[in-house]
Amino acid sequence: MRTLSVAATALLALGFLSPAASAAPDPGAAAGAGARAEAPASRAAPALRVRTVVGGLDIPWHVQPIGGGRLLVTERNSARLWLVRDGAKRQVRFPSRQVWRSGETGLMSLEGDPRFADNRRFYTCQGARGAGGSPQVQVVAWRLGPGARRAVRVRTLLSGLPAARDGRHGGCRLLVLRDGSLLFGTGDATVGTNPRNLSSYGGKTLRLVRTTGAPWPGNPWAKARKKAKRYVFTYGHRNVQGLAQRRDGTLWSVEHGSYRDDEVNRLIRGGDYGWNPVPGYNQSVPMTDQSLPGRQRAARWRSGPSTIATSGAAFVPERGWGAYGGNLAVAALAGQRVVFLQLDRRGKVVRTRVPDALRRYGRLRSVSVAPGGSLLITTSNGGNDKVLRVSPR
Ligand SMILES: [Ca+2]
Ligand SMILES: [Ca+2]
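These numbers come from a predicted model, not from an experiment. (Residues numbered from 1 in each chain as written. Chains lettered and ligands numbered in written order. Predicted model: local features only at pLDDT ≥ 70, side-chain atom pairs only at ≥ 80, totals over all residues.)

Draft legend 1. Representation of the overall build of the protein chain within the structure. When helices and strands are tallied, the protein chain shows 5 helices and 24 strands. Counting contacts in the protein chain only where the partners sit at least 6 residues apart, residues at least 24 apart contribute 58% of the total. (Helix = DSSP H or I, 4+ residues; strand = E, 2+ residues; numbered from the N terminus. Contact = placed C-beta atoms within 7 Å.)

Draft legend 2. Local environment of the sheet that holds strand 11 (residues 181-185). The strand order across the open sheet formed by 4 strands is 10-11-12-13, and the pairing between neighbours is antiparallel. What marks the edges here is a single partner per strand, and that holds for strand 10 (173-176) and strand 13 (232-235). On average, adjacent strands in this sheet sit at an angle of 20° to one another, irrespective of strand direction. (Pairing = 2+ DSSP bridges. Axes fitted to C-alpha atoms, helices over the stretch in contact; angles between N-to-C directions.)

Draft legend 3. Broad picture of the environment of Arg 365. Relative to the helices and strands, Arg 365 resides in strand 22 (residues 364-369). Considered as a pair, Arg 365 and Ser 380 are 15 residues apart in the sequence and their alpha carbons are 6.1 Å apart. Discounting chain neighbours no more than four positions away, the residues touching Arg 365 are Trp 61, Ser 311, Gly 312, Ala 331, Leu 333, Thr 378 and Ser 380.

Draft legend 4. Structural context of the sheet that holds strand 16 (residues 263-267). The strand order across the open sheet built from 4 strands is 14-15-16-17, with neighbouring strands paired in antiparallel fashion. Each edge of the open sheet carries a strand with a single partner, namely strand 14 (240-245) and strand 17 (301-302). Pairing geometry for strand 15 (residues 251-255) and strand 16, over 5 bridges, is antiparallel. Bridge assignment links Ser 253 to a residue of strand 16, and that residue is Asn 265.

Draft legend 5. How the structure looks around the pairing of strand 6 (residues 107-112). Most of strand 6 is tucked away: 6 of the 6 residues are buried. Pairing geometry for strand 6 and strand 7 (residues 121-129), over 4 bridges, is antiparallel. Following the sheet pairing, Leu 110 is matched in strand 7 by Thr 124. (Buried ≥ 20, exposed ≤ 12 C-beta atoms within 10 Å, placed from the backbone.)

Draft legend 6. Region of interest: the nonpolar core. Grouped together as the largest cluster of nonpolar side chains are 98 residues, with contacts concentrated most on Ala 313, Leu 328, Ala 329 and Val 330. Per-element accounting of this core gives the leading share, 6 residues, to strand 8 (residues 135-144). Not counting chain neighbours up to four residues away, the residues in contact with Leu 328 comprise Ala 244, Trp 252, Val 264, Ala 313, Phe 315, Leu 341 and Leu 343. (Core = buried A, V, L, I, M, F, W, Y, C linked by C-beta atoms within 7 Å.)

Draft legend 7. Spotlight on the pairing of strand 11. Within strand 11, 4 of the 5 residues are buried, which leaves it mostly tucked inside the rest of the structure. Pairing geometry for strand 11 and strand 12 (residues 204-209), over 5 bridges, is antiparallel. Paired with Phe 184 across the two strands is Leu 206, which belongs to strand 12.

Draft legend 8. Summary view of unusual backbone geometry. For the peptide bond that leads from Gly 171 to Cys 172, omega is -15°, which places it in the cis range. Along the polypeptide, Cys 172 turns up in the loop between strand 9 (151-162) and strand 10. With an omega dihedral of 0°, the bond running from Val 278 to Pro 279 counts as a cis peptide bond. With respect to the secondary-structure elements, Pro 279 resides in the loop between strand 16 and strand 17. Within the chain, Arg 120 stands out as a residue other than glycine whose phi angle is a positive 50°. Here Arg 120 is to be found in the loop between helix 4 (116-119) and strand 7.

Printed below as a string of structure tokens:
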């Protein structure tokens, strides 16, 4: 019965695919298509140079530059923290044993403070054990100690986020926005009611004050009686694994689809993104179910019938990247590629490109921008994973 209803839903949905979605993940579609008005011929897509910054990692989740040519890298399953400099890596002393690890959940996203040079502060989201030992996800603020030898816990900014025992759909992604707030994308922890329940942290983007962990005062329900609701920025998400802020200030999320439709969403304050997998954990429902009460925000890009497991994303710098400049670069795990989404001024996807140069490294997790404008990408194959540096030739 279940299989039948899934197939029927898939067939029905085929008629409703947007042009952007149907063309999206196919590299062939990018190669031959003529340039649109938004991409003058003078801005051709340059060939890409891909170098290995460091290897010998195991499921590195995220990489962040911290100045002086140094990088911090998290490993999910081992919960190790690495400092990388000049192609060599050194382990930073970190309380890895306190990180709860299961399946997709462990030591995940990493974000440097904008004032890192002064305060040496950074943030992680990670699995943890709450009171009574039950698994949860937390956001923790750290300070990098003298000589970058160890990480010192400053405070737990937010705790008690839902985690499934098998670690599925644990999110998570951190991004400090230009106004200084900390945006945090979560997973639904495979509880069907979480995404639409504004009293749950699961299946949301949350916005908080990065120094104190308080809800961001501009949040849509900042004065709500229920604590979790004060943090909610958007809801109705399945498993947010990417967050990025465009030069125009707009906010974007990337999430894994169910059996179909990975999504890239433009985040609107208080917006509903339409994932409501009930009763139980019923994944045959659409990724954006417009039949729910109120308005659901349609994805700006979706993968269509086959998912590629889109994960981290970053906006490519405008300068030096030709037609890739200003694109949203989205890494894919199962799809083993980076999809470059070219957006027009209003944030509509006008073209996608999937360069062959980035299809040779297996599963790709996270994309960060390095000083100087190259992209840093983590692989996620398990055993001899790498941080790659990608730049235009
Ligand atoms: Ca959606
Ligand atoms: Ca509706």
